[in-house]
Amino acid sequence: MTYAKKRYFTYALITIITLALPFIRIDGNHFFLLSFDHKKLNILFTSFDMQELYLMPFLLVIFFLSIFFMTTLGGRVWCGWSCPQTIFRVIFRDLLQTKIFKIRGNIKDKQRPSKNYPVRKALSVAIFALIAFVAASNLLWYFVPPEDFFAYLQNPAEHKLLFGIVTGFALFLIFDVCFLAENFCIYVCPYARIQSTMFDHDTIQVIYDERRGGRVFDGAAKLGKKPVAGECIGCEACVAVCPTHIDIRRGMQLECINCLECSDACAAVMGKKGEPSLISWTSAHSLDTGKKVQYFRFRTIAYMVIILAFAIALGLMSTKKENMLLNINRNTELYHIVADGEKIRVQNAYTFLIQNTDNKAHSYTFSLSEPRIEFVRPKNEIKLEAGAKRKIVVILETKERLIEENMHDTPMDITITAVASDEPERVRVERHTRFVYPKMSEIEKAMKK
Ligand code: SF4
Ligand code: SF4
């Protein structure tokens, strides 16, 4: 099978996954969703609150390390096999312009200028514009879930910003894919510039086998169309097919997007002579020594270990996720003493901010680590719908003489546990705070009043 066919299959798979993922929900959660509207973050079908955004750096570190790892191992494999720019260019240039509208002669010759068919050109851009709008919407579905997006679509006038972003992104895609073309890869894309720093002798690249094919270039200078000695017949099929208009026989170049079309082209030419392609997808070290590509080496193993460590840390933090939020703040008044003759009660007041970060409604109850202190408020369960939050005033009280201290008030460490009554094991949080007990002189003062 040619590399082109393998790439098309990969593109189809990536497209289907990218389109389908936002529609898949498990327990109401998406694979990835960063919703500013609902202040919600979904990662791997688990829901997190915006206050749990501290997980994002882990994701970003894993993302960037994976890019470094992938580049060290496979060079520009992303560019040729997964980059949306390349996928869209194949759809626009090879499918729409060449195969359907015949504006270009042949996908094997990308150097020839396209024919002057203004109507067909306009039609190809119009069809791509539809694809661009779907792609822009697809990107937005990772920030505005499809269930909301299609509801908003019924009333676009109320969601001008959202549809402005979709339109802006779609217009950029149309300009980029239909007019900027591979110039984006050559002049704009920052990844193309930094990746060569991550290459080593074992990185897989698209390489012309100069020892078999013969020398065609001396540095930048071309010695001739074909080498003086070598198997290369100088047909330049590899040059004609190249979308970035380079000659891979000159060696690795920044413009090469790793599409391997040149390798396929040479395979067809050399295949007639019963020989393999002069352009292969291998490492320089493997080509020099004839040994297998060394995938496991210090750099790649180090990347794998670090990525795994971050993934485990992220997994552990995700499993420790709390399904409710509870912030406890003490009120400014230290305590309140209620005296009834010899009997006294000491009260402390707090403000609880509770949020239900789960996907369903829950009723919450509270308990205390200190049995001599009890709740005066709230008396009943606090019910919250999914995602809802509420502030409540909480009064704790003791009727007991907890501490007999003459000189100063005594703060006692207490633990407050909140649980959802329907799922006390799963939805449960503990918070530490203080209960301040007054000094004896204050109690006596209150009793005398
Ligand atoms: S396609 Fe192969 S044989 Fe033809 S010019 Fe390129 S490297 Fe030489
Ligand atoms: S040299 Fe051109 S055709 Fe060959 S892999 Fe690079 S970009 Fe593709």
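Counting restarts for each chain: residues are numbered from 1 in the order of the written sequence. Each chain takes a letter, starting from A, and each ligand takes a number, starting from 1, following the order in which they are written. Restriction of local features to residues with pLDDT of at least 70 applies here, the model being predicted, together with a cutoff of 80 or more for giving and counting side-chain atom pairs; totals for whole chains, interfaces and linings are based on all residues. Note that the side-chain values use all heavy atoms of the structure and ignore hydrogens as well as water.

- Identification of the protein as Cytochrome c oxidase accessory protein CcoG from Campylobacter magnus is taken from an unreviewed UniProt entry.

1. Comments concerning the overall build of the protein
Part 1 of the reasoning: A run of H or I in DSSP counts as a helix once it spans at least four residues, and a run of E counts as a strand once it spans at least two, with each numbered from the N terminus. Along the protein, the regular secondary structure elements total 15 helices and 18 strands.
Part 2 of the reasoning: Throughout, the radius of gyration refers to the C-alpha atoms, and the reference size of a globule is 2.2 Å times the residue count to the power 0.38. Rg of the C-alpha trace for the protein: 33 Å, well past the compact-globule value of 22 Å for 449 residues, more than 25% over.
Part 3 of the reasoning: The principal-axis extent of the C-alpha atoms belonging to the protein is close to 115 × 55 × 35 Å.
Part 4 of the reasoning: The contact criterion used throughout is that any non-hydrogen atoms of two residues lie within 4.5 Å. For the protein, contacts bridging at least 24 residues in sequence account for 65% of all contacts bridging at least 6.

2. Quick notes on the layout of surface pockets
One way to see where empty space is left: roll a probe the size of a water molecule over the atoms.
Part 1 of the reasoning: Both cavities and pockets are sets of points on a 1 Å grid over the protein atoms alone; in a cavity a 1.4 Å probe fits but cannot get out, in a pocket the set is open with protein on both sides within 12 Å along at least five of seven lines, and lining residues sit with an atom within 4 Å of a point. Grid points are joined across faces, edges and corners, and a volume is the space filled by probe spheres set on the points. Taken as a whole, the second largest pocket spans an internal volume of roughly 370 Å³.
Part 2 of the reasoning: Lining of the second largest pocket is provided by 15 residues; of these, K108, V241, E261, D264 and A265 occupy positions nearest its centre.
Part 3 of the reasoning: Contributions of two or more residues to the lining of the second largest pocket are made by helix 1 (3–20) and helix 12 (261–271).
Part 4 of the reasoning: Examining the composition of the lining of the second largest pocket, we find that six residues originate from one element, helix 12, more than from any other.
Part 5 of the reasoning: Any residue outside Ala, Val, Leu, Ile, Met, Phe, Trp, Tyr, Cys, Pro, Asp, Glu, Lys and Arg is labelled polar, Gly included; the first ten of those are nonpolar and the last four are charged. Per-class residue counts for the lining of the second largest pocket are nine nonpolar, one polar and five charged.
Part 6 of the reasoning: The source of the domain bounds is an automatic or database domain assignment. Counting contributing residues, the lining of the second largest pocket receives three or more from each of domain 1 (3–197) and domain 2 (200–290).

3. Details of the site of ligand 1
Part 1 of the reasoning: Being near a molecule or strand, for a residue, means having at least one of its heavy atoms within 4 Å of it. Ligand 1 sits among Y208, C232, I233, G234, C235, E236, C238, R249 and C266.
Part 2 of the reasoning: Looking at side-chain class alone, the shell around ligand 1 contains six nonpolar, one polar and two charged residues.

4. Some words on the pairing of strand 11 (residues 336–340)
Note on strand geometry: in a regular strand, side chains alternate between the two faces of the sheet.
Part 1 of the reasoning: For two strands to count as paired, DSSP must find a minimum of two bridges between them. Of the strand pairs in this sheet, strand 11 and strand 12 (residues 343–356) are connected by five bridges, and their pairing is antiparallel. Counted as the bridge partner of A339 is I344 from strand 12.

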